[in-house]
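Single-letter residue listing:
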Amino acid sequence: MKTAVIGGGAAGFFLSVNLKELMPEMDVTIFERSQHVLAKVEVSGGGRCNCTNSFASVRDLSAVYPRGHRLMKRLFNVFDYEDAYAWFERHGVPLVTQTDECVFPEAQDSHAVIDCFLSLARRHHIKICMGRKITSLEELSDYDFVAVTTGGSPKGEGLRWLADLGHEIAQPVPSLFTFNIADSSLTALMGFVAEQASVMIPGTKLRASGPLLITHWGMSGPAILKLSSYAARLLAEHQYQSPLSVNWIDKGEEAVRSLLTEAMIRHPQKKLSTVNPFELSQRLWGYLLEKSLVDRAQVKWGELNKKDINRLVNALCNDTYQIAGRSAFKEEFVTCGGVSLQSINSTTLESKVVPRLFFAGEVLDIDGITGGFNFQAAWTTAYTVASAIATKVT
Ligand SMILES: Cc1cc2nc3c(=O)[nH]c(=O)nc-3n(C[C@H](O)[C@H](O)[C@H](O)COP(=O)(O)OP(=O)(O)OC[C@H]3O[C@@H](n4cnc5c(N)ncnc54)[C@H](O)[C@@H]3O)c2cc1C
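Section: the sheet that holds strand E12 (residues 218-220)
- The seven strands lie next to each other as E14-E13-E10-E11-E12-E9-E15, forming an open sheet whose pairing is antiparallel. Single-partner strands in this sheet number two, and they are strand E14 (319-324) and strand E15 (326-328). Each strand axis lies, on average, 40 degrees off the axis of its neighbour in the sheet, ignoring direction.
- Two elements, strand E10 (residues 193-200) and strand E11 (residues 207-214), share six bridges in a ladder whose sense is antiparallel. The residue bridging Val193 from the neighbouring strand is Leu213, located in E11.
- With respect to the sheet, helix H8 (residues 222-230) is in contact with strand E9 (177-180), E10, E11, E12 and strand E13 (241-247), its orientation differing from that of E11 by roughly 135 degrees.
- Running at roughly 115 degrees to E13, helix H12 (residues 306-317) makes contact with E13 and E14 of the sheet.

Let's talk about H12
- In this model, H12 (twelve residues) spans 16 Å end to end at C-alpha, consistent with the 16 Å of a helix rising 1.5 Å per residue.
- Taken together, the buried positions of H12 are occupied by Asp308, Ile309, Leu312, Val313, Ala315, Leu316 and Cys317.
- In this structure, the buried side of H12 is in contact with E13, helix H10 (253-266), helix H11 (282-293) and E14.
- Looking at where H12 begins, the residue whose side-chain oxygen comes 3.1 Å from the main-chain nitrogen of Lys307 is Asn305.

Overview of the packing of aromatic side chains
- For the coordinates displayed, the defined rule picks out 25 aromatic pairs.
- Taking the centre distance of 5.6 Å and the plane angle of 65 degrees together, the rings of Phe14 and Phe79 count as edge-to-face. Taken as a pair, Phe14 in helix H1 (residues 10-22) and Phe79 in the loop between helix H3 (69-75) and helix H4 (81-90) lie far apart in primary sequence, 65 residues in all. Each member of the pair, Phe14 together with Phe79, is buried.

Details of unusual backbone geometry
- Even without a glycine there, the phi angle at His125 is positive, about 55 degrees.
- By the element assignment, His125 lies in the loop between helix H5 (111-123) and strand E6 (127-130).
- Positive phi, normally seen in glycine, also occurs at Glu279, with a value near 55 degrees.
- Within the secondary structure, Glu279 is located in the loop between H10 and H11.

Comments concerning the site of the ligand
- The environment of the ligand is formed by 30 residues, the closest being Ala11, Glu32, Asn50, Glu362 and Phe375.
- Within the side chain of Glu32, one N or O atom sits 2.6 Å away from an oxygen atom of the ligand.
- In isolation the ligand exposes 990 Å². Once the protein is present, 92% of that is buried.
- Elements that contribute at least two residues to the shell around the ligand include exactly H1, strand E2 (27-32), helix H2 (39-47) and helix H13 (373-393).
- With four residues, H2 is the single largest residue contributor to the shell around the ligand.

Notes on the environment of Gln108
- If you trace the backbone, Gln108 turns up in the loop between strand E5 (102-105) and H5.
- When sequence neighbours within four positions are dropped, the list of residues in contact with Gln108 reads Gly47, Arg48 and Val96.

Overview of the pattern of salt bridges
- Applying the stated rule across the entire model yields nine salt bridges.
- Here Asp142 and Lys2 are joined by a salt bridge, their closest N and O atoms 3.3 Å apart. Placement of Asp142 in the loop between E6 and strand E7 (145-148) and of Lys2 in strand E1 (residues 2-6) is noted, with a sequence separation of 140 residues between them.
- Taking the relative accessible area as the measure of exposure, Asp142 reaches 49% and is therefore partly exposed.
- Taking relative accessible area as the criterion, Lys2 reaches 26% and is therefore assigned partly exposed.
- A salt bridge links Asp319 to Lys291; the nearest nitrogen and oxygen atoms lie 2.7 Å apart. Placement of Asp319 in strand E14 and of Lys291 in helix H11 is noted, with a sequence separation of 28 residues between them.
- Classification of Asp319 as buried rests on a relative accessible area of 4%.
- By relative accessible area, which is 33% here, Lys291 ends up partly exposed.

Analysis parameters
- Residues numbered from 1 in each chain as written.
- Predicted model: local features only at pLDDT ≥ 70, side-chain atom pairs only at ≥ 80, totals over all residues.
- Heavy atoms only, no water.
- Pairing = 2+ DSSP bridges.
- Helix = DSSP H or I, 4+ residues; strand = E, 2+ residues; numbered from the N terminus.
- Axes fitted to C-alpha atoms, helices over the stretch in contact; angles between N-to-C directions.
- Contact = heavy atoms within 4.5 Å.
- Expected span 1.5 Å × (residues − 1).
- Buried < 20%, exposed > 50% of the residue type's maximum accessible area, 1.4 Å probe, protein only.
- Polar contact = N/O pair within 3.5 Å; in protein donor to acceptor, adjacent residues only side chain to side chain.
- Phe/Tyr/Trp six-rings, centres within 6.5 Å; stacked < 30°, edge-to-face > 60°.
- Near = heavy atom within 4 Å.
- Areas by Shrake-Rupley, 256 points an atom, 1.4 Å probe, with all protein chains shown as cover.
- Salt bridge = Lys/Arg side-chain N within 4 Å of Asp/Glu carboxyl O.

Take a look at the structure:
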């Protein structure tokens with residue numbers, strides 16, 4: 001029996017190695033269009049490969065998989081993050097979990113994962129055909145099974161032949177990007193971080209919280225990247241032009257009002273800029289005072305009137321900007337969209353239109369936020385396909 005795996009990336013290698021472990025007699029060939037396998041694994045996580053997450057802070061899978069959370073929940077019954085963690089340790093890649101729950105190789109080097117995959121491929125006699133771009137099944141007519149692990153395709157070019165075979169395609173658009181904001185008084189604060197902010201697209205339920213970093217082109221940091229993922233499709237539809245509401249301290253208006261009132265009572269003779277009740281950096285606090293109170297920014301706490309308080313509350317909780325374009329986050333983006341989950345069997349990931357054709361990894365309409373969730377989706381879907389093929393044969 002022969003299996004062809006199209007794409008020598010994370011999902012392609014994980015699928016091939018697991019298939020050989022389940023079925024040593026299976027002949028497995030990986031077809032890779034470039035001259036370099038596992039290229040994304042190499043650069044991932046800043047060269048350290050954030051290969052999964054402990055999921056300890058995840059209450060709801062939809063918060064980390066904006067697309068595909070229901071399928072991921074189902075497939076986690078077959079192979080989840082604990083299985084992935086154990087798999088890597090068992091195959092000679094010790095891992096460590098950081099305090100932010102991201103999991104990396106103990107070596108802090110993506111080559112630990114790459115070397116593991118390459119040596120397992122050698123040991124199992126998996127053939128690797130480089131420089132072979134596959135875009136039709138006719139080329140693979142002597143294979144019993146085909147697995148497509150061609151990764152994300154933000155412009156959709158890699159999905160056309162799959163659409164021609166009859167698969168529904170969820171229109172691909174980029175996810176995980178930062179926002180361009182043309183506001184020089186904001187970008188003058190580049191490098192400053194609001195440690196606990198929340199951001200939202202006004203008029204929608206799309207909201208994310210976490211650290212927010214001001215950059216020389218606009219805003220970045222975990223809160224922005226998460227929102228870019230939740231709003232990937234909406235922002236694409238609006239050509240990355242949209243209002244953005246920032247709550248710099250992720251607190252409700254009433255809580256902010258009472259903290260301001262408390263500061264008024266405790267420090268009536270002090271200037272506003274000298275007392276910062278919100279643990280914001282001094283520069284950011286000064287910026288928000290100037291922005292909201294303009295010529296009254298230098299008054300004393302005891303001189304604040306009702307209008308001033310309202311303006312301050314608004315600047316802290318509902319500061320509005322205009323998104324004017326996107327930038328890649330250190331070139332890290334994933335594709336939102338791909339082969340629609342409607343076109344595949346949700347237990348085996350086999351195509352509903354072409355028997356014995358399977359899909360795993362980012363080519364599917366599954367994508368996650370940063371933190372190791374995208375590789376976890378690759379491991380889970382690849383393992384599912386390997387065991388589905390093995391089950392079909394036995
Ligand atoms: C810079 C960067 C950093 C990242 N860091 C992380 C991280 O730390 N943690 C995390 O979880 N995720 C990270 N990601 C996302 C993660 O890399 C991807 O989600 C993951 O690689 C998807 O695996 P895949 O095997 O589906 O696709 P890929 O890894 O993209 O592999 C697909 C392979 O298929 C080949 N191919 C495509 N079309 C064809 C064809 N027609 N014929 C033959 N071969 C083909 C490609 O050349 C490629 O080698 C990062 C992404 C980037 C861009």
